[in-house]
Amino acid sequence: MTVLDNNIHWHNTLVSHVERESRNCHKSVILWFTGFSGSGKSTIAHAVERRLFELNCATFVLDGDNVRHGLCVDLEFSQQDRIENIRRIGEMAKLFTEAGMIALTAFISPYATDRDRVRALVEPDRFVEIYCCCSVEMCEKRDVKGLYAKARKGLIKDFTGISSGYEAPMNPELSINTEGQNLDECVDQVMAYLKLKNVIS
Ligand SMILES: Nc1ncnc2c1ncn2[C@@H]1O[C@H](COP(=O)(O)OP(=O)(O)OP(=O)(O)O)[C@@H](O)[C@H]1O
Ligand SMILES: [Mg+2]
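Here's a quick rundown of the structure. Just so we're clear, the structure is a prediction, and the values are computed from it rather than from any experiment. (Residues numbered from 1 in each chain as written. Chains lettered and ligands numbered in written order. Predicted model: local features only at pLDDT ≥ 70, side-chain atom pairs only at ≥ 80, totals over all residues. Heavy atoms only, no water.)

**Details of the nonpolar core**
Residues Leu31, Phe33, Ile44, Val48, Ile102 and Val190 are the most contacted members of the largest nonpolar core, which totals 25 residues. Top element by residues in this core is helix α8 (residues 183-196). It accounts for six residues. Sequence-distant contacts of Ile44, defined by excluding residues within four places in its chain, comprise Phe33, Cys132, Ile176, Thr178, Leu183, Cys186, Val187 and Val190. Counting 16 residues, the second-largest nonpolar core is a separate cluster that includes Ile30, Trp32, Leu62 and Val122. (Core = buried A, V, L, I, M, F, W, Y, C linked by side-chain atoms within 4.5 Å. Buried < 20%, exposed > 50% of the residue type's maximum accessible area, 1.4 Å probe, protein only. Helix = DSSP H or I, 4+ residues; strand = E, 2+ residues; numbered from the N terminus. Contact = heavy atoms within 4.5 Å.)

**Examining the packing of helix α2 (residues 41-54) against α8**
Angle between the axes and distance between the axes: these two values describe a pair of packed helices. Viewed as axis vectors pointing N to C, α2 and α8 meet at an angle of 55°, and their least axial separation amounts to 10 Å. Relative to α8, the element α2 lies oblique. In terms of crossing hand, the pair formed by α2 and α8 is right-handed. Two secondary-structure elements touch here, α2 through Thr43, Ile44, Ala47, Val48, Arg51 and Leu52 and α8 through Leu183, Asp184, Cys186, Val187, Asp188, Val190, Met191 and Leu194. Residue composition of the contact of α2 with α8, by class: 10 nonpolar, one polar and three charged. (Axes fitted to C-alpha atoms, helices over the stretch in contact; angles between N-to-C directions. Parallel < 35°, antiparallel > 145°, perpendicular 65-115°, else oblique. Left-handed = near helix turned anticlockwise from the far one by under 90°. Nonpolar A, V, L, I, M, F, W, Y, C, P; charged D, E, K, R; others polar.)

**Regarding unusual backbone geometry**
Even without a glycine there, the phi angle at Cys25 is positive, about 65°. Inspection of the secondary structure puts Cys25 in the loop between α1 (17-24) and β1 (30-34). According to the relative accessible area criterion, Cys25 is exposed, its value standing at 63%. Of note in this structure, Asp143 is not a glycine but carries a positive phi near 30°. Relative to the assigned elements, Asp143 resides in the loop between α6 (136-142) and α7 (147-152).

**A few points about the packing of aromatic side chains**
This model, assessed by the stated rule, comprises six aromatic pairs. With 4.9 Å between their ring centres and 80° between their planes, Tyr148 and Phe159 make a pair best called edge-to-face. Here Tyr148, found in helix α7, pairs with Phe159, found in the loop between α7 and β5 (174-177); they are 11 residues apart in sequence, far enough to count as distant. Across the pair, exposure class does not vary: Tyr148 and Phe159 are buried alike. Residue placement shows Arg68 over the ring face of Phe77; its charged tip is 3.8 Å from the ring centre. (Phe/Tyr/Trp six-rings, centres within 6.5 Å; stacked < 30°, edge-to-face > 60°. Lys NZ or Arg CZ within 6 Å of the ring centre and 35° of its normal.)

**Quick notes on the pattern of salt bridges**
With the rule as written, the count across this model stands at 16 salt bridges. For Lys94, the salt bridge identified is with Glu98, shortest N-O distance 4.0 Å. A residue pair is termed a helical-turn pair when its members lie 3 or 4 positions apart in one helix, as Lys94 and Glu98 do in helix α4 (residues 79-98) at four residues. Each of Asp74, Glu84, Arg87 and Arg88 takes part in a single network of salt bridges with overlapping partners. (Salt bridge = Lys/Arg side-chain N within 4 Å of Asp/Glu carboxyl O.)

**Some points on the site of ligand 1**
In the neighbourhood of ligand 1, 18 residues make up the surrounding shell, with Ser37, Lys41, Thr43, Lys145 and Gln181 lying closest. Here an oxygen atom of ligand 1 sits 2.6 Å away from a polar atom, N or O, in the side chain of Ser37. Expressed as a share of its isolated accessible area of 640 Å², the protein-covered part of ligand 1 is 78%. Sorting the residues of the shell around ligand 1 by element identifies α2 and α8 as the ones contributing at least two each. With four residues, α2 is the single largest residue contributor to the shell around ligand 1. Taken together, the residues that form the shell around ligand 1 break down as six nonpolar, nine polar and three charged. (Near = heavy atom within 4 Å. Polar contact = N/O pair within 3.5 Å; in protein donor to acceptor, adjacent residues only side chain to side chain. Areas by Shrake-Rupley, 256 points an atom, 1.4 Å probe, with all protein chains shown as cover.)

Here it is, written out as C-alpha coordinates:
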(Lines give C-alpha, C1' and ligand atoms only; values in the text may rest on other atoms or scores of the structure.)
(Ligands and ions follow the chains in the order given, each with its own letter.)
Protein backbone atom coordinates (compact mmCIF):
# COMPACT_ATOMS: atom_id res chain seq x y z
CA MET A 1 0.00 0.00 0.00
CA THR A 2 1.40 3.43 -0.90
CA VAL A 3 1.11 6.52 1.28
CA LEU A 4 -1.50 7.93 -1.12
CA ASP A 5 -3.63 4.75 -0.96
CA ASN A 6 -3.41 5.19 2.78
CA ASN A 7 -4.74 8.77 2.65
CA ILE A 8 -1.49 10.16 4.05
CA HIS A 9 -0.47 13.59 2.79
CA TRP A 10 2.61 15.73 3.31
CA HIS A 11 2.14 18.91 5.37
CA ASN A 12 4.52 21.70 4.39
CA THR A 13 6.52 23.45 7.09
CA LEU A 14 6.44 27.21 7.69
CA VAL A 15 10.14 27.36 8.55
CA SER A 16 12.41 26.45 5.66
CA HIS A 17 15.53 24.36 5.75
CA VAL A 18 17.53 27.33 4.47
CA GLU A 19 16.17 29.56 7.25
CA ARG A 20 17.22 27.03 9.85
CA GLU A 21 20.71 26.76 8.37
CA SER A 22 21.00 30.52 8.18
CA ARG A 23 20.13 30.88 11.88
CA ASN A 24 22.65 28.17 12.81
CA CYS A 25 25.38 29.73 10.63
CA HIS A 26 26.44 26.38 9.19
CA LYS A 27 25.26 23.88 6.64
CA SER A 28 23.33 20.84 7.76
CA VAL A 29 24.93 17.57 6.73
CA ILE A 30 25.15 13.94 7.70
CA LEU A 31 28.64 12.82 8.73
CA TRP A 32 28.32 9.08 8.21
CA PHE A 33 31.14 7.18 9.95
CA THR A 34 31.56 3.58 8.80
CA GLY A 35 34.10 0.89 9.65
CA PHE A 36 34.71 -2.25 11.68
CA SER A 37 33.79 -2.44 15.34
CA GLY A 38 36.67 -0.78 17.18
CA SER A 39 37.81 1.23 14.17
CA GLY A 40 37.08 4.48 16.02
CA LYS A 41 33.70 5.64 14.67
CA SER A 42 32.21 6.60 18.05
CA THR A 43 35.44 8.01 19.46
CA ILE A 44 35.98 10.29 16.46
CA ALA A 45 32.30 11.21 15.99
CA HIS A 46 31.96 12.36 19.60
CA ALA A 47 35.29 14.23 19.51
CA VAL A 48 34.26 16.00 16.29
CA GLU A 49 30.89 16.82 17.85
CA ARG A 50 32.68 18.36 20.85
CA ARG A 51 34.76 20.57 18.54
CA LEU A 52 31.68 21.60 16.56
CA PHE A 53 29.73 22.30 19.74
CA GLU A 54 32.51 24.63 20.90
CA LEU A 55 32.00 26.48 17.59
CA ASN A 56 28.28 26.90 18.43
CA CYS A 57 27.15 24.39 15.82
CA ALA A 58 23.89 22.48 16.31
CA THR A 59 24.92 18.83 16.39
CA PHE A 60 23.85 15.38 17.47
CA VAL A 61 25.53 11.98 17.42
CA LEU A 62 23.46 8.93 16.58
CA ASP A 63 25.47 6.03 17.94
CA GLY A 64 24.99 2.35 17.18
CA ASP A 65 24.54 0.87 20.63
CA ASN A 66 22.48 3.81 21.91
CA VAL A 67 20.01 3.58 19.04
CA ARG A 68 19.66 -0.14 19.61
CA HIS A 69 18.47 0.66 23.15
CA GLY A 70 15.41 2.46 21.79
CA LEU A 71 14.38 3.09 18.20
CA CYS A 72 15.90 -0.18 16.98
CA VAL A 73 15.48 -2.32 20.12
CA ASP A 74 13.44 -4.80 18.07
CA LEU A 75 16.26 -5.48 15.59
CA GLU A 76 19.07 -8.04 15.72
CA PHE A 77 22.17 -8.47 13.54
CA SER A 78 20.89 -10.60 10.67
CA GLN A 79 21.37 -9.11 7.22
CA GLN A 80 17.68 -8.18 7.06
CA ASP A 81 17.73 -6.48 10.46
CA ARG A 82 20.98 -4.62 9.70
CA ILE A 83 19.36 -3.27 6.52
CA GLU A 84 16.32 -2.09 8.47
CA ASN A 85 18.56 -0.63 11.20
CA ILE A 86 20.45 1.50 8.69
CA ARG A 87 17.24 2.51 6.91
CA ARG A 88 15.78 3.86 10.16
CA ILE A 89 19.03 5.61 11.11
CA GLY A 90 19.21 7.15 7.64
CA GLU A 91 15.69 8.51 7.88
CA MET A 92 16.40 9.85 11.35
CA ALA A 93 19.67 11.48 10.24
CA LYS A 94 17.77 13.08 7.38
CA LEU A 95 15.28 14.54 9.86
CA PHE A 96 18.18 16.02 11.82
CA THR A 97 19.51 17.72 8.69
CA GLU A 98 16.02 19.04 7.92
CA ALA A 99 16.11 20.52 11.43
CA GLY A 100 19.26 22.39 10.36
CA MET A 101 21.69 20.27 12.35
CA ILE A 102 24.89 18.38 11.71
CA ALA A 103 24.06 14.73 12.33
CA LEU A 104 27.01 12.46 13.07
CA THR A 105 26.32 8.74 12.82
CA ALA A 106 28.52 5.94 14.12
CA PHE A 107 27.37 2.60 12.72
CA ILE A 108 29.41 -0.24 11.27
CA SER A 109 26.97 -0.10 8.32
CA PRO A 110 28.78 -2.92 6.51
CA TYR A 111 26.84 -2.94 3.25
CA ALA A 112 27.54 -0.40 0.50
CA THR A 113 23.99 -0.52 -0.85
CA ASP A 114 22.55 0.44 2.55
CA ARG A 115 24.93 3.39 2.87
CA ASP A 116 24.15 4.45 -0.69
CA ARG A 117 20.45 4.29 0.06
CA VAL A 118 20.99 6.82 2.87
CA ARG A 119 23.16 8.94 0.57
CA ALA A 120 20.26 9.08 -1.89
CA LEU A 121 17.88 10.43 0.77
CA VAL A 122 19.57 13.84 0.87
CA GLU A 123 21.15 16.30 -1.58
CA PRO A 124 24.58 15.08 -2.75
CA ASP A 125 26.65 17.57 -0.75
CA ARG A 126 24.76 16.78 2.45
CA PHE A 127 26.06 13.24 2.82
CA VAL A 128 29.67 12.88 3.90
CA GLU A 129 30.79 9.27 4.05
CA ILE A 130 33.74 8.90 6.41
CA TYR A 131 35.56 5.60 6.29
CA CYS A 132 37.37 4.79 9.54
CA CYS A 133 40.08 2.70 7.97
CA CYS A 134 41.61 0.20 10.38
CA SER A 135 42.55 -3.42 9.79
CA VAL A 136 40.36 -6.01 11.43
CA GLU A 137 43.53 -7.33 13.10
CA MET A 138 44.08 -4.00 14.88
CA CYS A 139 40.38 -3.73 15.78
CA GLU A 140 40.55 -7.21 17.25
CA LYS A 141 43.68 -6.25 19.18
CA ARG A 142 41.88 -3.20 20.61
CA ASP A 143 38.73 -5.24 21.30
CA VAL A 144 37.27 -2.33 23.26
CA LYS A 145 34.05 -4.14 24.12
CA GLY A 146 35.44 -7.71 24.25
CA LEU A 147 33.20 -8.58 21.32
CA TYR A 148 35.90 -10.02 19.04
CA ALA A 149 36.87 -12.51 21.77
CA LYS A 150 33.24 -13.56 22.10
CA ALA A 151 32.83 -13.79 18.31
CA ARG A 152 35.96 -16.00 18.07
CA LYS A 153 34.42 -18.33 20.65
CA GLY A 154 31.27 -18.47 18.53
CA LEU A 155 29.24 -16.65 21.18
CA ILE A 156 28.19 -13.90 18.76
CA LYS A 157 26.94 -14.83 15.33
CA ASP A 158 27.13 -12.59 12.25
CA PHE A 159 29.97 -10.52 13.70
CA THR A 160 31.44 -8.12 11.11
CA GLY A 161 35.02 -9.01 10.18
CA ILE A 162 34.81 -12.48 11.77
CA SER A 163 31.66 -14.20 10.57
CA SER A 164 30.02 -11.47 8.51
CA GLY A 165 31.32 -9.33 5.65
CA TYR A 166 32.23 -5.67 5.43
CA GLU A 167 32.16 -3.75 2.16
CA ALA A 168 34.63 -0.87 2.43
CA PRO A 169 33.47 2.35 0.72
CA MET A 170 34.81 2.62 -2.83
CA ASN A 171 34.66 6.39 -3.00
CA PRO A 172 34.15 7.95 0.43
CA GLU A 173 34.31 11.72 0.88
CA LEU A 174 36.89 11.07 3.58
CA SER A 175 39.05 8.11 4.49
CA ILE A 176 40.67 8.31 7.90
CA ASN A 177 43.51 6.04 8.86
CA THR A 178 42.79 5.38 12.54
CA GLU A 179 45.64 2.90 12.78
CA GLY A 180 48.44 5.23 11.72
CA GLN A 181 47.16 8.50 13.21
CA ASN A 182 46.19 9.53 16.71
CA LEU A 183 42.70 10.74 17.61
CA ASP A 184 43.53 14.46 17.35
CA GLU A 185 44.93 14.02 13.85
CA CYS A 186 41.77 12.15 12.80
CA VAL A 187 39.52 14.88 14.22
CA ASP A 188 41.63 17.58 12.54
CA GLN A 189 41.15 15.78 9.23
CA VAL A 190 37.35 15.88 9.57
CA MET A 191 37.34 19.53 10.68
CA ALA A 192 39.58 20.52 7.75
CA TYR A 193 37.19 18.82 5.34
CA LEU A 194 34.18 20.63 6.81
CA LYS A 195 35.94 23.97 6.42
CA LEU A 196 37.10 23.15 2.88
CA LYS A 197 33.52 22.36 1.85
CA ASN A 198 32.14 25.43 3.66
CA VAL A 199 29.97 23.36 5.97
CA ILE A 200 31.42 25.50 8.74
CA SER A 201 33.26 28.77 8.34
N1 LIG B 1 43.12 7.39 15.80
C2 LIG B 1 42.15 6.86 16.53
N3 LIG B 1 40.87 7.22 16.30
C4 LIG B 1 39.87 6.67 17.02
N5 LIG B 1 40.03 5.75 17.98
C6 LIG B 1 41.28 5.35 18.24
C7 LIG B 1 42.40 5.89 17.52
N8 LIG B 1 43.51 5.29 17.99
C9 LIG B 1 43.13 4.45 18.95
N10 LIG B 1 41.79 4.47 19.11
C11 LIG B 1 41.04 3.66 20.07
O12 LIG B 1 40.27 2.72 19.33
C13 LIG B 1 39.05 2.46 20.00
C14 LIG B 1 37.90 2.74 19.07
O15 LIG B 1 36.71 2.38 19.70
P16 LIG B 1 35.28 2.92 19.28
O17 LIG B 1 34.32 2.51 20.34
O18 LIG B 1 35.36 4.36 18.94
O19 LIG B 1 35.03 2.10 17.94
P20 LIG B 1 33.69 1.97 17.08
O21 LIG B 1 34.13 2.01 15.67
O22 LIG B 1 32.68 2.96 17.53
O23 LIG B 1 33.20 0.50 17.41
P24 LIG B 1 31.71 -0.11 17.52
O25 LIG B 1 31.24 -0.35 16.12
O26 LIG B 1 31.89 -1.40 18.27
O27 LIG B 1 30.84 0.86 18.27
C28 LIG B 1 39.03 3.34 21.26
O29 LIG B 1 39.48 2.60 22.36
C30 LIG B 1 40.03 4.44 20.90
O31 LIG B 1 40.63 5.00 22.04
MG1 LIG C 1 30.78 2.80 18.42
